[in-house]
Amino acid sequence: MRSLKRRSDAYLLSATAGGDVRAFESLVGRHHVAVHRYVARRIGVADAEDVVSETFEVAFRRAAAYRPVGEEALPWLLGIATNILRRFARREAA
């Protein structure tokens, strides 16, 4: 069996949907920095980690719904983060 580090994002999400938590940990390790940077640029570092955590929480719950479009799941993760950021902005405005 190949190392999880060498597996595709689609494989990792499929394995996650099947209950493999280590596969999801590998995906988080692969994309956490990029998602954090994306979020921090929009709302600042102070609030970023909560949004990033929620992003990966949603991704974990929706792993079975992932449909690969390219090589990486990063665009999918950033889409989830964008939706969470919208909710964050609405709460802040209220």
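Relevant structure appears above.
Residues numbered from 1 in each chain as written. Predicted model: local features only at pLDDT ≥ 70, side-chain atom pairs only at ≥ 80, totals over all residues. Heavy atoms only, no water.

Draft legend 1. Quick peek at the overall build of the protein chain. Helix and strand content of the protein chain: 4 helices and 0 strands. Moving toward the C terminus, one meets the helices and strands of the protein chain in the order α-α-α-α. In summary, the protein chain has a C-alpha radius of gyration of 14 Å against a globular reference of 12 Å for 94 residues, a match within 12%. Over its C-alpha atoms, taken along the principal directions, the protein chain stretches across nearly 50 × 25 × 20 Å. For the protein chain, the residues scored as buried account for 37% of the 94 residues in total. Once local pairs closer than 6 in sequence are excluded, the contacts in the protein chain between residues at least 24 apart make up 54%. (Helix = DSSP H or I, 4+ residues; strand = E, 2+ residues; numbered from the N terminus. Rg over C-alpha atoms; globule rule 2.2 N^0.38 Å. Buried < 20%, exposed > 50% of the residue type's maximum accessible area, 1.4 Å probe, protein only. Contact = heavy atoms within 4.5 Å.)

Draft legend 2. Region of interest: the nonpolar core. If you look at the biggest cluster of nonpolar residues, it comprises 27 residues, and the most contacted ones within it are L13, L27, V35, V39, V51 and F56. Of all the secondary structure elements, the ones that give two or more residues to this core are α1 (9–17), α2 (21–43), α3 (45–61) and α4 (74–93). Aside from chain neighbours lying at most four places away, what touches V35 is V52, T55, F56, L74, L77, L78 and A81. (Core = buried A, V, L, I, M, F, W, Y, C linked by side-chain atoms within 4.5 Å.)

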